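Structural description and commentary
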Amino acid sequence: MTYIITDQSGIPLPVLFRLLQYRELIPRLEEALGKFSKRDSAEVIQPVRSTVPLQKHDGFLGLMPTYMENDGVLSTKLVCFYNREAGSSLPGVQATVVLLDPEYGNVKAVIDGEVITAMRTAAVSAISAKLLMHPEAEVLAILGTGKQALSHYNVFTEIFPFKEVRVWGRTREGAERFVRSVGGAARACGSAEEAVRGADVIVTVTGSTKPVLFGQWVKPGAHVAAVGACRPDWREMDDVLMKEAVVYADSREGAIAESGDVVLSGAEVFAELGDVINGTKPALREKTTVFKSLGMGVEDAVSAKLVFDQWKATARRL
């Protein structure tokens, strides 16, 4: 039997948020990142995301399959992402995750990917901060005001005791609207530089194709979680930052193939987060660090399995 878990039928999105909690998701993602970096085919088989250009609509379709043999998980995510005009009412990202039975090949569940993508991406950024930021970090800056900005705000303020949160968006109105949406517990900034100067942790979650974060603004020892610019000719960060910082990634192969910040700057990827989790590479907290997030199928697989297992357990109690 196939279960449809979406905002169209089955479980609505608010319930998906309840099924997917950061306290349960983060340790599962940490384990998955470690397994991925071991490059053991019995643990994780995950090719680099393949893409189909949607030239008429200035977008791409990405396919993200993953097989975790030891865990019995087979899944793929289909994600469309677009370079939208400023002020566009159309979504920048749309995603669906499909869970399959690895033995029989049938579809077990089709799950709306909006919540999974937002929460697993933010959770992995939080893992990067847990590993790489200064332990006494007090100031968080978020560049961007969309869904990823909100999910990052939620998880970073849930698990870290920041004393100040600053937000910048392409428009002042967007930044102020974001601040109101989180109950005024952040400060809207008039420029990206104002938001970033002196910040201990910086999150970039923009739709920009050109740098919005410049190395001269970033204080030594800060940690950057860079989420946007997922194409080899798109950027969020300038060469100064990329060459001066120690660069970590979720996937080395993914960063080299897909990240314009890495490709165009010529920066070297020092390690994957999984390498740090496995103890094979150090967490250089005393240095300025950049975590380049591209997103991986294994993150979707683990998240989708958690949603599916929680949903089945909830359904049995009804």
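Our subject is the structure listed above.
What comes next is a walk through the structure. What you see is a predicted model, and the numbers here were worked out from it, not measured in a lab.

**Overview of helix α4 (residues 147-159)**
Because an α-helix completes one turn every 3.6 residues, residues spaced three or four positions apart along the sequence face the same direction. An ideal rise of 1.5 Å per residue puts 18 Å on 13 residues; α4 measures up with 19 Å between its terminal C-alpha atoms. For α4, the full list of buried residues reads Q148, A149, S151, H152, Y153, V155 and F156. On its buried face, α4 is in contact with α2 (22-38), α3 (113-132), β7 (139-143), β8 (164-168), α5 (172-181) and β10 (201-204).

**Details of the nonpolar core**
In terms of nonpolar packing, the biggest core is built from 67 residues, with F156 and L273 touching the most fellow members. For this core, the element with the highest residue contribution is α3, accounting for eleven residues. When neighbours within four sequence positions are excluded, L273 is seen to be in contact with L33, V124, I127, S128, L131, L132, Y248, A249 and F291.

**Describing unusual backbone geometry**
The phi dihedral of D58 is positive, around 55°, even though this residue is not glycine. Relative to the elements of secondary structure, D58 occurs in the loop between β2 (50-54) and β3 (59-68). In this structure, A229 is a non-glycine residue whose phi angle is positive, near 55°. In this fold, A229 is placed in the loop between β11 (223-226) and α7 (239-244).

**Thoughts on the packing of α2 against α4**
Interaxial distance between α2 and α4 falls to 12 Å at its minimum, and their mutual angle equals 95°. Classed by the angle they form, the pair α2 and α4 counts as roughly perpendicular. Residues Y22, R23 and I26 of α2 form the contact with α4, whose participating residues are S151, N154, V155, E158 and I159.

**With respect to the environment of Q94**
Relative to the helices and strands, Q94 resides in strand β5 (residues 93-100). Taking the C-alpha atoms as reference, Q94 lies 21 Å from N154; in sequence the two are 60 residues apart. Beyond its immediate sequence surroundings of up to four residues, Q94 is in contact with L78, V79 and C80.

**Considerations on the pairing of strand β4 (residues 73-82)**
Here β4 lies mainly inside the structure; seven of its ten residues are buried. As judged from the ten bridges shared by β3 and β4, these two strands associate in the antiparallel manner. Bridge pairing links M68 to V73 in β4. Hairpin connection, β3 to β4: the antiparallel pair is bridged by four residues, and G72 has positive phi, about 65°. As paired elements, β4 and β5 share eight bridges and run antiparallel to each other. When the bridges of β5 are listed, C80 appears paired with Q94.

**Describing the sheet that holds strand β9 (residues 187-188)**
Taken together, eight strands build an open sheet; the order of strands is β9-β8-β7-β10-β11-β14-β12-β13 and the sheet is parallel. Bordering the open sheet on either side are β9 and β13 (269-272), each of which pairs with just one other strand. One ladder, built from four bridges, connects β7 with β10; its direction is parallel. Opposite I142, over in β10, you have V203 as the bridge partner. In the packing of α3 onto the sheet, the strands contacted are β11, β12 (246-249) and β14 (289-292), and the crossing angle to β11 comes to about 160°.

**Some thoughts on α3**
When the terminal C-alpha atoms of α3 are compared, their 28 Å separation across 20 residues agrees well with the 28 Å that a helix rising 1.5 Å per residue should span. Burial analysis of α3 places 18 of its 20 residues in the buried class, the great majority of the element. Structurally, the start of α3 carries an N-cap: the backbone nitrogen of E114 is 2.8 Å from a side-chain oxygen of D112.

**Some details on the pattern of salt bridges**
A full pass over the atoms with the stated rule returns 21 salt bridges. Across the salt bridge formed by K130 and E30, the nearest N and O atoms sit 2.8 Å from each other. Separated by 100 residues along the polypeptide, K130 in helix α3 and E30 in helix α2 bring together distant segments of the chain. The partner of E253 in a salt bridge is R39, with the nearest N and O atoms 2.7 Å apart.

**Re the packing of aromatic side chains**
Evaluated as defined, the whole model comprises nine aromatic pairs. Consider the rings of F160 and F162, whose centres lie 5.9 Å apart with planes at 75°: the pair is edge-to-face. In this structure, F160 and F162 share a single accessibility class: buried. Ring-pair connections join several aromatic residues into one group, and the members of that group are F60, F81 and W234. One residue, R39, lies across the ring of F36, its end atom 4.3 Å from the ring centre. Taking NZ or CZ as reference, R84 lies 3.9 Å from the ring centre of Y82, over its face.

About the thresholds
Residues numbered from 1 in each chain as written. Predicted model: local features only at pLDDT ≥ 70, side-chain atom pairs only at ≥ 80, totals over all residues. Heavy atoms only, no water. Helix = DSSP H or I, 4+ residues; strand = E, 2+ residues; numbered from the N terminus. Expected span 1.5 Å × (residues − 1). Buried < 20%, exposed > 50% of the residue type's maximum accessible area, 1.4 Å probe, protein only. Contact = heavy atoms within 4.5 Å. Core = buried A, V, L, I, M, F, W, Y, C linked by side-chain atoms within 4.5 Å. Axes fitted to C-alpha atoms, helices over the stretch in contact; angles between N-to-C directions. Parallel < 35°, antiparallel > 145°, perpendicular 65-115°, else oblique. Pairing = 2+ DSSP bridges. Polar contact = N/O pair within 3.5 Å; in protein donor to acceptor, adjacent residues only side chain to side chain. Salt bridge = Lys/Arg side-chain N within 4 Å of Asp/Glu carboxyl O. Phe/Tyr/Trp six-rings, centres within 6.5 Å; stacked < 30°, edge-to-face > 60°. Lys NZ or Arg CZ within 6 Å of the ring centre and 35° of its normal.

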